[in-house]
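Analysis of the macromolecular model
If you want the building blocks of each chain, they are given just below.
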Amino acid sequence: MTAPATDAVVLQGVRLDRGGRTILRDLDLRVPAGSITAVLGPSGTGKSTLLAAITGELVPAAGQVRVFDQPVPRGARALLEMRKRIGVLLQGNGLLTDLSVAENVALPLRTHTKLPAALVKRLVDFKLNAVGLLAAAEAYPRELSGGMARRVALARALALDPPLMIYDEP
């Protein structure tokens, strides 16, 4: 007998406000673990705001957001622990311009693990190869095309092999 599938994300009765304005209200959403779920809509309809609530960047004005059956924490340390399990690819690539491509991808591994440097390098090479950019490992973000920078950001988002990936596409 298999265990019942869990939900990666659950929102119940959520209201999200920004700048004193309600962006989303009475929002109920269930995203089963292992599923691919798309939230579509015109610009300005609250898609990025929804993602900010899932990652804990925005605290709901009402309702509850749960990730992997746990309420999204409010404390900095607990929030950091939860975010280790979420890969996020934002609209802007968010690459650090003073770090090479390889260093950008290695950043979450160095920040959140105690892996030896040799293993971090192997993992970085693996992730960069997966996005077709192993040859650009020593380049800097300013030397990349927009598409290449997006792929580096994807490799970095996948560095910790998160069970939940969030993509915020323009």
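Residues numbered from 1 in each chain as written. Predicted model: local features only at pLDDT ≥ 70, side-chain atom pairs only at ≥ 80, totals over all residues. Heavy atoms only, no water.

Here we take up the overall build of the protein. Helix and strand counts for the protein come out as 5 helices and 6 strands. Mapped in sequence order, the helices and strands of the protein form the string β-β-α-β-β-α-β-α-α-α-β. If you line up the protein on its principal axes, its C-alpha atoms span 45 × 45 × 30 Å. Among the 170 residues that make up the protein, the fraction classed as buried is 37%. Of the side chains in the protein, 21 bear a positive and 15 a negative charge, and the two mean positions are spaced by 2 Å. (Helix = DSSP H or I, 4+ residues; strand = E, 2+ residues; numbered from the N terminus. Buried < 20%, exposed > 50% of the residue type's maximum accessible area, 1.4 Å probe, protein only. Lys, Arg positive; Asp, Glu negative; His and termini not counted. Charge placed at Lys NZ, Arg CZ, Asp CG, Glu CD.)

Turning next to the sheet that holds strand 2 (residues 21-32). The sheet built from 4 strands is open, its strands ordered 2-1-3-4 with antiparallel pairing. Strand pairing shows two members of the sheet lacking a second neighbour, strand 2 and strand 4 (70-71), which therefore form its edges. In this sheet, strand 4 lies alongside strand 3 (residues 62-67) in antiparallel orientation, the contact comprising 2 bridges. When the bridges of strand 4 are listed, Val67 appears paired with Gln70. Docked against the sheet, helix 1 (residues 47-54) engages strand 1 (7-18), strand 2 and strand 3, running at close to 120° with respect to strand 1. (Pairing = 2+ DSSP bridges. Contact = heavy atoms within 4.5 Å. Axes fitted to C-alpha atoms, helices over the stretch in contact; angles between N-to-C directions.)

Further remarks concern unusual backbone geometry. Even without a glycine there, the phi angle at Phe68 is positive, about 50°. Positioned with a positive phi, Asp161 is a non-glycine residue whose angle comes to about 50°. Structurally, the position occupied by Asp161 is in the loop between helix 5 (146-157) and strand 6 (164-167). When its relative accessible area of 53% is taken as the criterion, Asp161 is described as exposed.

What follows deals with the packing of aromatic side chains. Using the criterion set out here, one finds 0 aromatic pairs in the structure. A cation over an aromatic ring shows up here: Arg85 above the ring of Phe68, its NZ or CZ 4.2 Å from the ring centre. (Phe/Tyr/Trp six-rings, centres within 6.5 Å; stacked < 30°, edge-to-face > 60°. Lys NZ or Arg CZ within 6 Å of the ring centre and 35° of its normal.)

Taking 1.5 Å of rise per residue, 14 residues should cover 20 Å, and helix 4 (residues 117-130) covers 20 Å from first to last C-alpha, within 8% of that figure. Turning to helix 4, its buried residues number three or more, namely Val120, Val124, Lys127 and Leu128. On an axial view of helix 4, the arc spanned by its buried residues comes to 95°, and they lie on one face. Facing away from the buried side of helix 4 by more than 90 degrees, the exposed set consists of Ala118, Arg122, Phe126 and Ala130. Looking at the buried positions of helix 4, the neighbouring elements they touch are helix 3 (101-112) and helix 5. Within two residues after helix 4, Gly132 carries a phi angle of roughly 75°, on the positive side. (Expected span 1.5 Å × (residues − 1). Arc of directions from axis to C-beta.)

A word on the nonpolar core. Core analysis: the largest hydrophobic core is formed by 23 residues, its most contacted members being Val9, Leu11, Ile54, Val67 and Leu164. Those elements giving two or more residues to this core turn out to be strand 1, strand 2, helix 1, strand 3, helix 2 (76-83) and strand 6. Residue contacts for Leu11: discarding those within four places in its chain leaves Leu27, Asp28, Leu29, Leu50, Ile54, Gln64 and Val65. By size, the runner-up hydrophobic cluster in this structure holds 21 residues, among which are Val105, Ala106, Ala139 and Ala159. (Core = buried A, V, L, I, M, F, W, Y, C linked by side-chain atoms within 4.5 Å.)

Bridge count between strand 1 and strand 2: 8 bridges; the pairing is antiparallel. Its bridge partner lying in strand 2, Arg18 is registered against Arg21. Between strand 1 and the antiparallel strand that follows it, strand 2, lie 2 residues; Gly19 among them carries a positive phi value of about 55°.

You can see Arg66 is positioned in strand 3. Polar side-chain contacts of Arg66 include one of 2.4 Å to the backbone oxygen of Asp69. Not counting residues within four places of it along the chain, the set of residues in contact with Arg66 comprises Ala8, Val9, Val10, Pro71 and Val72. (Polar contact = N/O pair within 3.5 Å; in protein donor to acceptor, adjacent residues only side chain to side chain.)

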